[in-house]
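This is what each chain is made of:
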Amino acid sequence: MSAVTQMQMSESQLRALRTTIVDARGTACPGPLLDAKKAITTLPVGGVLETLSSDEGTKVDIPTWARKTGQEYLGTINESGYDRIFVRRLK
Amino acid sequence: MAEKMAMILFSGTVDKLMAGSIMAGGAVAMGMDVDIFVTFWGLVAFRKDMADKNQRMSQDFAEMIPQFGKAMAAKKMPSWIENLKKVKGLGNVKIHVCSMMSDVMEWKKADFVDLVDDVIGVGSFIDMAKEAKMTLFI
């Protein structure tokens, strides 16, 4: 399977997005991923989900999940002690 | 049709039940269906009178068990069964009880937690596993 190259947004572009936030900080893997999966169906197509996670694995898992499920991974901002992971709902 | 993960949950210690429950969560998150075949000590753990009180842990690193328990409580990790309940609510996860083990022990479906979908024979499970992309034995 060939890797899909996705155009990611710059940090300032990410910071300017209007998002729906799921705060999964403090939950262990795969909690944040499951929360993201659940939440994305509540967004309109085109909407951006922002998952807050303090789990190391999640920032690797969410881009993979987005690619597998046909959503668009936009990028991640590393804040102090947690990550903000952005995914646009495409379908 | 969604890809499938099959899992044989043989072990009844909390650590391995937790591993199975988390693997099921990962599969569901990735869009897979999951069929779990519960047998032997795994089946004991799914009994209504055991599910909440079972504290058994495998003894691989016995000295670390208290530390692990404390860390899990401090991080508010859900129990394996709470996690499995959540995972079931998010995807197509079926939990099948082994009819051989239930027959031997004379346990009925009503003896198991409500998460259990049905009682099936190993042949049916093998047929499910045959269609799965991956099968785990835990």
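Preceding this section is the structure that the text describes.
These numbers come from a predicted model, not from an experiment.

Some thoughts on the packing of helix H1 (residues 14-29) of chain B against helix H4 (residues 80-90) of chain B
Residues and elements named next belong to chain B. Packing of H1 against H4 leaves a shortest axis separation of 9 Å and a crossing angle of 15°. As summarised for this structure, H1 and H4 are arranged roughly parallel, according to the angle between their axes. For the crossing formed where H1 meets H4, the hand is left-handed. Taken together, the residues of H4 that come into contact with H1 (itself represented by Val-14, Leu-17, Met-18, Ser-21, Ile-22, Ala-24, Gly-25 and Val-28) are Trp-80, Asn-83, Leu-84, Val-87 and Leu-90.

Description of the sheet that holds strand S5 (residues 134-137) of chain B
All names here are of chain B. Read across the open sheet, the five strands follow the order S4-S3-S2-S1-S5; overall the sheet is parallel. If you trace the sheet from one side to the other, it starts and ends with strand S4 (118-120) and S5, each paired once. Recorded for the sheet is a direction-independent mean angle of 25° between the axes of neighbouring strands. In this structure, strand S1 (residues 4-9) lies alongside S5, joined through four bridges in parallel fashion. What sits directly across from Ala-6, in S5, is Thr-135. H1 rests against S1, strand S2 (33-38), strand S3 (93-98) and S5 of the sheet, and its axis sits at about 175° to S1.

Focus: the interface of chain A and chain B
Contacts between the two partners involve 14 residues from chain A, matched on the other side by twelve residues from chain B. Carbon and sulfur atoms supply 71% of the area that chain A and chain B bury against each other, a total of about 1100 Å² over both sides. Sorting the residues of chain A by area buried against chain B places Pro-30, Leu-34 and Lys-37 of chain A first, and these three jointly supply 45% of that buried surface. Where chain A meets chain B, there are two salt bridges.

What about helix H6 (residues 122-130) of chain B?
Note on helix geometry: an α-helix contains 3.6 residues per turn, so any two residues three or four positions apart are oriented the same way. All names here are of chain B. Within H6 the residues assigned to the buried category are Phe-125, Met-128 and Ala-129. Angular distribution of buried residues about the axis of H6 spans 100°; they occupy a single face of the element. If you follow the buried residues of H6, they end up packed against S1, S2, S3, S4 and S5.

Structural notes on the sheet that holds strand S4 (residues 82-88) of chain A
All names here are of chain A. Read across the sheet, four strands follow the order S1-S2-S4-S3 without closing on themselves; strand pairing throughout is mixed. Strands with a single pairing partner mark the edges of an open sheet, and in this sheet they are strand S1 (20-23) and strand S3 (72-79). Each adjacent strand pair in this sheet contributes to an overall mean axis angle of 20°, direction not counted. Judged from the four bridges that link them, S1 and strand S2 (residues 48-53) form a sheet pairing that is parallel. Bridge pairing in S2 links Ile-21 to Glu-50. Running at roughly 160° to S2, helix H2 (residues 31-40) makes contact with S1, S2 and S4 of the sheet. Sheet strands touched by helix H3 (residues 58-69): S2, S3 and S4. Its angle to S4, the strand with the most contacts, is close to 5°.

Observations concerning the pattern of salt bridges
All names here are of chain A. Applying the stated criterion across every chain yields a total of 16 salt bridges over all chains. The residue Arg-25 makes a salt bridge to Asp-23 at a minimum N-O spacing of 2.8 Å. Judged by its relative accessible area of 38%, Arg-25 falls in the partly exposed class. On the basis of relative accessibility, which here comes to 46%, the residue Asp-23 falls in the partly exposed class. Arg-84 is the partner of Glu-50 in a salt bridge, and the nearest nitrogen-oxygen pair spans 2.6 Å. Taken together, the residues Glu-50 in strand S2 and Arg-84 in strand S4 connect sequence positions 34 residues apart.

Reading the values: the criteria
Residues numbered from 1 in each chain as written. Chains lettered and ligands numbered in written order. Predicted model: local features only at pLDDT ≥ 70, side-chain atom pairs only at ≥ 80, totals over all residues. Heavy atoms only, no water. Axes fitted to C-alpha atoms, helices over the stretch in contact; angles between N-to-C directions. Helix = DSSP H or I, 4+ residues; strand = E, 2+ residues; numbered from the N terminus. Parallel < 35°, antiparallel > 145°, perpendicular 65-115°, else oblique. Left-handed = near helix turned anticlockwise from the far one by under 90°. Contact = heavy atoms within 4.5 Å. Pairing = 2+ DSSP bridges. Buried area = accessible area lost by both parts, 1.4 Å probe. Salt bridge = Lys/Arg side-chain N within 4 Å of Asp/Glu carboxyl O. Buried < 20%, exposed > 50% of the residue type's maximum accessible area, 1.4 Å probe, protein only. Arc of directions from axis to C-beta.

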